[in-house]
Amino acid sequence: MTVQALRAVDAGRVEDAAAEAIGIRNLSRRFGAGRSPIVALDNISLSIGEGEFVSIVGPSGCGKTTLLKILAGLDRPSEGQATLRGTPIAGPRKDIGIVFQSPVLFPWRTVLDNVLLPVDVQRLGRSACMARAHALIDMVGLNGFADRYPSELSGGMQQRVGLARALVHEPAMLLMDEPFGALDALTRENMNLELQRIWMETRRTVVFITHSISEAIFLGDRVLVMTPRPGRVQIELKIDLPRPRDLSVISSPEFGAYANQIRSILNAKGAVD
(Lines give C-alpha, C1' and ligand atoms only; values in the text may rest on other atoms or scores of the structure.)
Protein backbone atom coordinates (compact mmCIF):
# COMPACT_ATOMS: atom_id res chain seq x y z
CA MET A 1 0.00 0.00 0.00
CA THR A 2 1.46 3.35 -1.04
CA VAL A 3 1.28 6.51 1.08
CA GLN A 4 -1.19 7.90 -1.48
CA ALA A 5 -3.39 4.81 -1.16
CA LEU A 6 -3.21 5.03 2.63
CA ARG A 7 -4.38 8.64 2.51
CA ALA A 8 -7.25 7.70 0.19
CA VAL A 9 -8.36 4.87 2.47
CA ASP A 10 -8.22 7.08 5.56
CA ALA A 11 -10.05 9.90 3.78
CA GLY A 12 -12.78 7.48 2.82
CA ARG A 13 -13.32 6.58 6.47
CA VAL A 14 -13.90 10.15 7.64
CA GLU A 15 -17.56 10.53 8.54
CA ASP A 16 -19.71 13.63 8.71
CA ALA A 17 -17.70 16.25 10.60
CA ALA A 18 -20.76 16.99 12.71
CA ALA A 19 -20.91 13.36 13.96
CA GLU A 20 -19.82 12.83 17.54
CA ALA A 21 -16.73 10.67 17.98
CA ILE A 22 -16.25 11.17 21.73
CA GLY A 23 -18.99 11.98 24.20
CA ILE A 24 -18.33 12.84 27.84
CA ARG A 25 -21.38 13.18 30.06
CA ASN A 26 -21.35 14.44 33.67
CA LEU A 27 -18.01 12.75 34.26
CA SER A 28 -16.35 12.94 37.68
CA ARG A 29 -13.41 11.07 39.20
CA ARG A 30 -12.63 10.89 42.89
CA PHE A 31 -9.73 9.15 44.59
CA GLY A 32 -9.86 7.89 48.16
CA ALA A 33 -12.76 7.31 50.46
CA GLY A 34 -14.14 8.83 53.63
CA ARG A 35 -14.98 12.45 54.25
CA SER A 36 -12.17 14.01 52.22
CA PRO A 37 -11.74 12.24 48.87
CA ILE A 38 -9.54 13.90 46.25
CA VAL A 39 -11.74 15.16 43.42
CA ALA A 40 -9.63 14.99 40.26
CA LEU A 41 -12.43 15.68 37.76
CA ASP A 42 -15.75 17.32 38.53
CA ASN A 43 -18.86 17.01 36.35
CA ILE A 44 -17.25 17.35 32.91
CA SER A 45 -19.48 17.23 29.83
CA LEU A 46 -18.26 17.79 26.27
CA SER A 47 -18.47 16.44 22.74
CA ILE A 48 -15.67 15.90 20.22
CA GLY A 49 -16.54 15.51 16.56
CA GLU A 50 -15.24 12.95 14.08
CA GLY A 51 -11.84 13.99 12.79
CA GLU A 52 -11.51 16.89 15.22
CA PHE A 53 -8.18 17.82 16.84
CA VAL A 54 -8.80 18.96 20.43
CA SER A 55 -6.01 20.27 22.65
CA ILE A 56 -6.30 20.26 26.43
CA VAL A 57 -4.22 22.63 28.54
CA GLY A 58 -4.23 23.35 32.25
CA PRO A 59 -2.09 23.54 35.39
CA SER A 60 -0.38 20.49 36.85
CA GLY A 61 -2.73 18.31 38.85
CA CYS A 62 -5.88 19.54 37.10
CA GLY A 63 -6.85 16.06 35.90
CA LYS A 64 -5.72 16.17 32.25
CA THR A 65 -3.98 12.80 32.38
CA THR A 66 -6.79 11.30 34.48
CA LEU A 67 -9.26 12.29 31.77
CA LEU A 68 -7.00 10.77 29.12
CA LYS A 69 -6.75 7.51 31.07
CA ILE A 70 -10.54 7.32 31.28
CA LEU A 71 -10.81 7.89 27.52
CA ALA A 72 -8.19 5.18 27.01
CA GLY A 73 -10.14 2.75 29.20
CA LEU A 74 -7.28 2.56 31.69
CA ASP A 75 -9.35 4.14 34.48
CA ARG A 76 -13.05 4.44 35.23
CA PRO A 77 -15.03 7.50 36.26
CA SER A 78 -16.67 7.69 39.67
CA GLU A 79 -19.75 9.16 38.00
CA GLY A 80 -20.90 9.76 34.45
CA GLN A 81 -19.45 8.11 31.38
CA ALA A 82 -17.34 8.53 28.26
CA THR A 83 -18.32 7.03 24.91
CA LEU A 84 -16.51 6.39 21.64
CA ARG A 85 -18.82 6.45 18.64
CA GLY A 86 -21.77 5.87 20.94
CA THR A 87 -20.31 2.90 22.80
CA PRO A 88 -19.35 3.31 26.49
CA ILE A 89 -15.61 3.15 27.19
CA ALA A 90 -15.48 0.53 29.94
CA GLY A 91 -11.93 -0.77 29.49
CA PRO A 92 -9.00 -0.89 27.06
CA ARG A 93 -10.15 -1.06 23.44
CA LYS A 94 -8.55 -2.07 20.19
CA ASP A 95 -9.86 1.00 18.38
CA ILE A 96 -7.92 3.49 20.52
CA GLY A 97 -4.33 4.57 19.84
CA ILE A 98 -2.13 6.16 22.53
CA VAL A 99 1.09 8.18 22.26
CA PHE A 100 2.88 8.93 25.54
CA GLN A 101 5.62 11.44 26.37
CA SER A 102 8.13 8.61 26.07
CA PRO A 103 7.68 6.43 22.97
CA VAL A 104 8.52 3.25 24.99
CA LEU A 105 10.03 1.35 22.08
CA PHE A 106 11.39 -2.18 22.52
CA PRO A 107 15.16 -1.90 21.92
CA TRP A 108 15.42 -5.41 20.44
CA ARG A 109 12.73 -4.73 17.81
CA THR A 110 13.37 -2.84 14.58
CA VAL A 111 11.36 0.24 13.63
CA LEU A 112 9.05 -1.96 11.56
CA ASP A 113 8.61 -4.50 14.35
CA ASN A 114 7.89 -1.73 16.87
CA VAL A 115 5.27 -0.25 14.55
CA LEU A 116 3.70 -3.70 14.15
CA LEU A 117 3.48 -4.30 17.90
CA PRO A 118 -0.31 -3.60 18.15
CA VAL A 119 -0.82 -5.93 15.18
CA ASP A 120 1.05 -8.70 17.00
CA VAL A 121 -0.72 -8.09 20.33
CA GLN A 122 -4.17 -7.98 18.74
CA ARG A 123 -3.34 -10.89 16.41
CA LEU A 124 -4.48 -8.96 13.37
CA GLY A 125 -2.08 -10.77 11.05
CA ARG A 126 1.17 -9.25 9.86
CA SER A 127 0.59 -10.06 6.22
CA ALA A 128 -2.62 -8.01 6.20
CA CYS A 129 -1.00 -5.01 7.94
CA MET A 130 2.53 -5.03 6.50
CA ALA A 131 1.78 -2.66 3.62
CA ARG A 132 0.05 -0.20 5.98
CA ALA A 133 2.99 -0.32 8.40
CA HIS A 134 5.47 0.51 5.64
CA ALA A 135 3.21 3.30 4.35
CA LEU A 136 2.97 4.79 7.85
CA ILE A 137 6.75 4.63 8.30
CA ASP A 138 7.05 6.61 5.07
CA MET A 139 4.28 9.00 6.13
CA VAL A 140 6.02 9.92 9.41
CA GLY A 141 9.24 10.65 7.52
CA LEU A 142 11.23 7.50 8.31
CA ASN A 143 11.61 6.10 4.80
CA GLY A 144 14.70 3.89 4.79
CA PHE A 145 14.70 3.33 8.57
CA ALA A 146 12.35 0.32 8.80
CA ASP A 147 15.22 -2.05 9.66
CA ARG A 148 16.94 0.26 12.15
CA TYR A 149 16.80 -0.13 15.93
CA PRO A 150 15.69 2.51 18.48
CA SER A 151 19.29 3.09 19.62
CA GLU A 152 20.07 4.31 16.11
CA LEU A 153 17.33 6.96 16.18
CA SER A 154 17.10 10.46 17.63
CA GLY A 155 14.42 11.32 20.18
CA GLY A 156 12.24 12.94 17.53
CA MET A 157 12.59 9.93 15.24
CA GLN A 158 11.59 7.61 18.08
CA GLN A 159 8.44 9.66 18.64
CA ARG A 160 7.65 9.29 14.93
CA VAL A 161 7.85 5.53 15.39
CA GLY A 162 5.48 5.81 18.37
CA LEU A 163 3.03 7.80 16.24
CA ALA A 164 3.13 5.26 13.40
CA ARG A 165 2.62 2.45 15.92
CA ALA A 166 -0.44 4.22 17.36
CA LEU A 167 -1.99 4.49 13.88
CA VAL A 168 -1.15 1.07 12.43
CA HIS A 169 -4.31 -0.67 13.70
CA GLU A 170 -6.51 2.14 12.35
CA PRO A 171 -7.88 3.49 15.65
CA ALA A 172 -11.04 5.57 15.84
CA MET A 173 -9.38 7.88 18.37
CA LEU A 174 -5.78 8.94 19.00
CA LEU A 175 -4.85 10.04 22.53
CA MET A 176 -1.60 11.97 23.01
CA ASP A 177 -0.23 12.76 26.47
CA GLU A 178 2.44 15.48 26.16
CA PRO A 179 4.17 13.50 23.41
CA PHE A 180 6.77 16.18 22.64
CA GLY A 181 7.41 17.41 26.18
CA ALA A 182 10.84 15.77 26.46
CA LEU A 183 12.14 17.08 23.11
CA ASP A 184 14.29 20.15 22.56
CA ALA A 185 12.54 23.27 21.31
CA LEU A 186 13.58 22.97 17.66
CA THR A 187 12.68 19.28 17.41
CA ARG A 188 9.39 19.99 19.15
CA GLU A 189 8.46 22.64 16.59
CA ASN A 190 9.31 20.28 13.75
CA MET A 191 7.22 17.52 15.35
CA ASN A 192 4.29 19.93 15.66
CA LEU A 193 4.50 20.57 11.93
CA GLU A 194 4.77 16.85 11.22
CA LEU A 195 1.85 15.96 13.48
CA GLN A 196 -0.34 18.58 11.80
CA ARG A 197 0.59 17.18 8.38
CA ILE A 198 -0.13 13.59 9.42
CA TRP A 199 -3.42 14.56 11.04
CA MET A 200 -4.52 16.43 7.93
CA GLU A 201 -3.73 13.32 5.86
CA THR A 202 -5.40 10.76 8.15
CA ARG A 203 -8.09 12.91 9.84
CA ARG A 204 -8.15 10.77 12.96
CA THR A 205 -9.95 12.18 15.99
CA VAL A 206 -7.17 13.45 18.31
CA VAL A 207 -7.19 14.43 21.98
CA PHE A 208 -3.86 16.14 22.71
CA ILE A 209 -2.66 17.05 26.20
CA THR A 210 0.05 19.67 26.61
CA HIS A 211 1.45 22.21 29.05
CA SER A 212 2.34 24.52 26.15
CA ILE A 213 -0.22 27.20 25.31
CA SER A 214 1.34 27.88 21.89
CA GLU A 215 1.42 24.16 21.04
CA ALA A 216 -2.23 23.78 22.02
CA ILE A 217 -3.27 26.68 19.78
CA PHE A 218 -1.03 25.72 16.86
CA LEU A 219 -2.36 22.16 16.67
CA GLY A 220 -5.94 22.40 17.87
CA ASP A 221 -9.28 22.97 16.20
CA ARG A 222 -10.39 23.71 19.76
CA VAL A 223 -8.50 24.29 23.00
CA LEU A 224 -10.07 23.17 26.27
CA VAL A 225 -8.72 25.10 29.26
CA MET A 226 -9.06 23.25 32.56
CA THR A 227 -9.20 24.66 36.07
CA PRO A 228 -6.97 23.58 38.95
CA ARG A 229 -8.26 20.58 40.91
CA PRO A 230 -11.06 19.75 40.98
CA GLY A 231 -10.65 19.70 37.22
CA ARG A 232 -13.41 21.30 35.19
CA VAL A 233 -13.46 22.69 31.66
CA GLN A 234 -13.24 26.43 32.23
CA ILE A 235 -13.59 27.39 28.57
CA GLU A 236 -13.71 25.82 25.10
CA LEU A 237 -11.93 28.07 22.63
CA LYS A 238 -12.43 27.49 18.89
CA ILE A 239 -9.22 28.22 16.98
CA ASP A 240 -10.15 29.99 13.76
CA LEU A 241 -6.77 29.88 12.00
CA PRO A 242 -6.45 28.52 8.44
CA ARG A 243 -4.67 25.22 7.81
CA PRO A 244 -2.08 24.15 7.09
CA ARG A 245 -0.43 26.37 9.69
CA ASP A 246 3.24 27.20 9.53
CA LEU A 247 5.38 28.47 12.38
CA SER A 248 5.02 32.09 11.26
CA VAL A 249 1.40 32.04 12.47
CA ILE A 250 2.72 32.07 16.05
CA SER A 251 3.76 35.70 15.51
CA SER A 252 0.39 36.79 14.15
CA PRO A 253 -1.96 39.07 16.11
CA GLU A 254 -4.72 36.45 15.93
CA PHE A 255 -2.51 33.79 17.50
CA GLY A 256 -1.37 36.24 20.16
CA ALA A 257 -4.98 37.07 21.03
CA TYR A 258 -5.77 33.38 21.59
CA ALA A 259 -2.64 32.96 23.71
CA ASN A 260 -3.42 36.03 25.82
CA GLN A 261 -6.98 34.84 26.41
CA ILE A 262 -5.83 31.40 27.57
CA ARG A 263 -3.03 32.86 29.66
CA SER A 264 -5.41 35.27 31.39
CA ILE A 265 -7.69 32.37 32.32
CA LEU A 266 -4.83 30.28 33.65
CA ASN A 267 -3.30 33.16 35.58
CA ALA A 268 -6.67 33.80 37.20
CA LYS A 269 -7.06 30.16 38.17
CA GLY A 270 -3.45 29.11 38.74
CA ALA A 271 -0.60 29.41 36.26
CA VAL A 272 0.22 26.61 33.85
CA ASP A 273 3.70 25.13 34.06
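Throughout what follows, the structure given in this document is the object of discussion. In this text the structure is predicted, and so the values were computed from the model without any measurement.

Parameters at a glance
- Residues numbered from 1 in each chain as written.
- Predicted model: local features only at pLDDT ≥ 70, side-chain atom pairs only at ≥ 80, totals over all residues.
- Heavy atoms only, no water.
- Pairing = 2+ DSSP bridges.
- Helix = DSSP H or I, 4+ residues; strand = E, 2+ residues; numbered from the N terminus.
- Axes fitted to C-alpha atoms, helices over the stretch in contact; angles between N-to-C directions.
- Contact = heavy atoms within 4.5 Å.
- Core = buried A, V, L, I, M, F, W, Y, C linked by side-chain atoms within 4.5 Å.
- Buried < 20%, exposed > 50% of the residue type's maximum accessible area, 1.4 Å probe, protein only.
- Salt bridge = Lys/Arg side-chain N within 4 Å of Asp/Glu carboxyl O.
- Phe/Tyr/Trp six-rings, centres within 6.5 Å; stacked < 30°, edge-to-face > 60°.
- Lys NZ or Arg CZ within 6 Å of the ring centre and 35° of its normal.
- Parallel < 35°, antiparallel > 145°, perpendicular 65-115°, else oblique.
- Left-handed = near helix turned anticlockwise from the far one by under 90°.
- Nonpolar A, V, L, I, M, F, W, Y, C, P; charged D, E, K, R; others polar.

## Section: the sheet that holds strand S10 (residues 233–238)
For step 1, the next point in the chain: Overall, mixed pairing links the six strands, which are arranged S6-S7-S8-S3-S9-S10 in an open sheet. Where the open sheet ends on each side, the last strands, each with one partner, are strand S6 (96–99) and S10. Taken over all neighbouring pairs, the strand axes of this sheet differ in orientation by 15° on average, direction set aside.
For step 2, the next point in the chain: The strands touched by helix H6 (residues 155–167) are S6 and strand S7 (173–177); relative to S6, the strand with the most contacts, the crossing angle is about 170°.

## Topic: the nonpolar core
For step 1, the next point in the chain: Core analysis: the largest hydrophobic core is formed by 52 residues, its most contacted members being Ile217 and Ile262.
For step 2, the next point in the chain: Residue contacts for Ile262: discarding those within four places in its chain leaves Val57, Ile213, Ile217, Val223, Val225 and Leu237.

## A look at the environment of Asp113
For step 1, the next point in the chain: Within the element layout of this structure, Asp113 appears in helix H3 (residues 111–115).
For step 2, the next point in the chain: Residue Asp113 is classed as partly exposed on the basis of its relative accessible area of 22%.

## Brief notes about the side chain of Ser55
For step 1, the next point in the chain: Here Ser55 lies in strand S3 (residues 53–57).
For step 2, the next point in the chain: Take Ser55: its relative accessible area is 0%, and that puts it in the buried class.
For step 3, the next point in the chain: Among residues more than four places away in sequence, those in contact with Ser55 are Phe208, Ala216, Leu219, Gly220, Arg222, Val223 and Leu224.

## Focus: the pattern of salt bridges
For step 1, the next point in the chain: Counted under the stated rule, the structure contains 16 salt bridges.
For step 2, the next point in the chain: Of the charged contacts in the structure, one is a salt bridge between Asp42 and Arg232, with a shortest N-O distance of 2.7 Å. Of this pair, Asp42 sits in strand S2 (residues 38–49) while Arg232 is found in the loop between strand S9 (222–226) and S10, placing the two residues 190 residues apart along the sequence.
For step 3, the next point in the chain: We classify Arg232 as partly exposed; its relative accessible area is 38%.

## A look at the packing of aromatic side chains
For step 1, the next point in the chain: Inspection of every chain in the model, using the stated rule, returns four aromatic pairs.
For step 2, the next point in the chain: Both rings, one in Phe106 and one in Trp108, keep their centres 4.9 Å apart while their planes meet at 40°; by these two values the pair is tilted.
For step 3, the next point in the chain: Counting every residue linked through ring pairs, the aromatic cluster contains Phe53, Phe180, Trp199 and Phe208.
For step 4, the next point in the chain: The ring of Phe31 carries the charged tip of Arg29 above its face, separated from the ring centre by 4.1 Å.

## Overview of the packing of H6 against helix H7 (residues 185–202)
For step 1, the next point in the chain: Viewed as axis vectors pointing N to C, H6 and H7 meet at an angle of 25°, and their least axial separation amounts to 11 Å. If you check the angle between H6 and H7, you find them roughly parallel. Note that H6 runs across H7; the crossing there is right-handed. On H7, the residues touching Gly156, Gln159, Arg160, Leu163 and Leu167 of H6 are Thr187, Met191, Glu194, Leu195 and Ile198.
For step 2, the next point in the chain: Considered class by class, the residues forming the contact of H6 with H7 number five nonpolar, three polar and two charged.

## Considering the sheet that holds strand S4 (residues 79–84)
For step 1, the next point in the chain: Here four strands make up an open sheet; going across it, the order is S2-S1-S4-S5 and the pairing antiparallel. Two strands close off the open sheet at either side, each with one partner strand: S2 and strand S5 (87–88).
For step 2, the next point in the chain: The pairing of strand S1 (residues 20–31) with S4 spans five bridges and is antiparallel. Looking at the pairing, Ser28 lines up with Glu79 of S4.

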